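Coordinate analysis (summary)
One letter stands for each residue in the lines below.
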Number of protein chains: 2
Amino acid sequence: MTEHAFILFAHGARDPEWSRPLEALRAQLSQRRPGSAVALAYLELMSPSLPDCLQALADAGIRRVDVVPAFMARGAHLRRDLPLLLEQQRQRLPMLDIGVTEALGEAAAVQAAMADWIAGQSR
Amino acid sequence: MTEHAFILFAHGARDPEWSRPLEALRAQLSQRRPGSAVALAYLELMSPSLPDCLQALADAGIRRVDVVPAFMARGAHLRRDLPLLLEQQRQRLPMLDIGVTEALGEAAAVQAAMADWIAGQSR
């Protein structure tokens, strides 16, 4: 059984179309990691919230989770709010081993890909 | 003389550290495109604004600009506000040919790099 999950943790927005690229990223990650569950969770305006997502994964038998902040950079949401939120969730869901990665926009490999892509974009 | 510029257009945040990955991306893009200027501009909370940035580029002799939304996805800011803002700026600064690209988080090559990077992150 799958015991590991990634959570793509994004800001959320009022426009339901906003989450489409996150859904596409989720599908690509699932292809690359068929042995892991891949879920989406949102800070605000969309559901599920991160606590609800973690609860659902725990209920489904997941035991290790890596939370991937799908943000361009780390502001107060990631520096201040996310560590507190994760600490609460670790106490609430002790069966889960919860880790967190760099923000996507800060990862060196992602930065290089963004620079490569932009460099090819001028008209 | 350089006549082309990229503007990395990001949301902005209260925390001054927030812009660091954008600065790093700007440096990487400058290396790849030494013939183009690369500027940062923000929707809110940081400066310069996009209008101020465009004005400064026009004053410096830039004639073609590609605005690159450094956002994970397109919500109301990009779908509704940015096209209106760019239309106003095209009227105000007719010497500038202003284009706009996909949002970084929506570009297929960037999505693939993000999925590759995440796939290597689990503990």
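The notes below deal with the structure included here. Quantities reported herein were computed from a predicted structural model and do not represent experimental measurements.

Turning our attention to the pattern of salt bridges. Taken as a whole and assessed by the stated rule, the structure comprises 14 salt bridges over all chains. Among the ionic pairs, Arg90 of chain A bridges to Glu87 of chain A, the shortest N-O distance being 3.5 Å. Of this pair, Arg90 of chain A and Glu87 of chain A are both found in helix H3 (residues 76–92), three residues apart, which corresponds to roughly one turn of the helix. On the basis of relative accessibility, which here comes to 30%, the residue Arg90 of chain A falls in the partly exposed class. Look at Glu87 of chain A and you get partly exposed, because its relative accessible area is 39%. Residues Asp116 of chain A and Arg32 of chain B are paired through a salt bridge, measuring 2.5 Å at the closest nitrogen-oxygen approach.

Next up on the list: the packing of aromatic side chains. Two numbers describe a pair of aromatic rings. These are the distance of the centres and the angle of the planes. Residue and element names in this part refer to chain A. Under the defined criterion, the tally for this structure stands at two aromatic pairs over all chains. Ring centres of Phe9 and Phe71 lie 6.0 Å apart, and the angle between their planes is 45°; on these two criteria the pair is classed as tilted. Of this pair, Phe9 sits in strand E1 (residues 4–10) while Phe71 sits in the loop between strand E3 (64–69) and H3, placing them 62 residues apart in sequence. For Phe9, a relative accessible area of 1% translates into the label buried.

This next bit is on the relation of the copies chain A and chain B. The transformation that overlays chain A on chain B combines an axial shift of 0.0 Å with a rotation of 180°, and the residual RMSD is 0.0 Å. Taken together, these values place the two copies in the relation of a two-fold axis. Of the residues that chain A buries at the interface, 100% are likewise interface residues in chain B, meaning the two copies contact each other through the same surface.

Moving on: the nonpolar core. A general feature of soluble globular proteins is that nonpolar side chains tend to end up buried together. Grouped together as the largest cluster of nonpolar side chains are 48 residues, with contacts concentrated most on Leu104 and Ile118 of chain A together with Leu104 and Ile118 of chain B. Among residues more than four places away in sequence, those in contact with Ile118 of chain B are Phe6, Leu8, Leu25, Leu29, Val68 and Leu104 of chain A. Ranked by size, the runner-up nonpolar core spans 22 residues in total, among them Ala41, Ile62, Val65 and Ala103 of chain B.

Residue and element names in this part refer to chain A. Overall, parallel pairing links the four strands, which are arranged E2-E1-E3-E4 in an open sheet. Strands with a single pairing partner mark the edges of an open sheet, and in this sheet they are strand E2 (37–42) and strand E4 (97–100). Taken pair by pair, the neighbouring strands of this sheet meet at an average axis angle of 25°, ignoring direction.

Okay, the pairing of E2 of chain A next. All names here are of chain A. Buried residues dominate E2, accounting for five of its six residues. Sheet topology note: the E1/E2 ladder contains six bridges and is parallel. Note on E2: the bridge partner recorded for Ala10 is Tyr42. With helix H1 (residues 20–32) bridging E1 and its parallel neighbour E2, the resulting β-α-β unit is right-handed.

Before going further, it helps to examine helix H2 (residues 50–59) of chain A. Residues and elements named next belong to chain A. Those residues of H2 that fall on the buried side of the exposure criterion are Leu50, Cys53, Leu54, Leu57 and Ala58. For H2, the angular spread of the buried residues around the axis is 135°, confining them to a single face. Residues of H2 that are exposed and angled more than 90 degrees away from the buried face: Asp52 and Asp59. If you follow the buried residues of H2, they end up packed against E1, E2, E3, H3 and E4. Capping of H2 at its N-terminal end is provided by Ser49; its side-chain oxygen lies 3.2 Å from the backbone amide nitrogen of Asp52.

Quick look at the side chain of Ser19 of chain A now. All names here are of chain A. When you line up the elements, Ser19 lands in the loop between E1 and H1. The class for Ser19 is buried, based on a relative accessible area of 11%. Only 3.3 Å separates the side chain of Ser19 from the backbone oxygen of Pro16, close enough to count as a polar contact. Among residues more than four places away in sequence, those in contact with Ser19 are Tyr42 and Met46.

Cut-offs and rules
- Residues numbered from 1 in each chain as written.
- Chains lettered and ligands numbered in written order.
- Predicted model: local features only at pLDDT ≥ 70, side-chain atom pairs only at ≥ 80, totals over all residues.
- Heavy atoms only, no water.
- Salt bridge = Lys/Arg side-chain N within 4 Å of Asp/Glu carboxyl O.
- Helix = DSSP H or I, 4+ residues; strand = E, 2+ residues; numbered from the N terminus.
- Buried < 20%, exposed > 50% of the residue type's maximum accessible area, 1.4 Å probe, protein only.
- Phe/Tyr/Trp six-rings, centres within 6.5 Å; stacked < 30°, edge-to-face > 60°.
- Least-squares fit on C-alpha atoms with pLDDT ≥ 70 in both.
- Contact = heavy atoms within 4.5 Å.
- Core = buried A, V, L, I, M, F, W, Y, C linked by side-chain atoms within 4.5 Å.
- Pairing = 2+ DSSP bridges.
- Axes fitted to C-alpha atoms, helices over the stretch in contact; angles between N-to-C directions.
- Right-handed = clockwise from strand over helix to strand, strands pointing away.
- Arc of directions from axis to C-beta.
- Polar contact = N/O pair within 3.5 Å; in protein donor to acceptor, adjacent residues only side chain to side chain.

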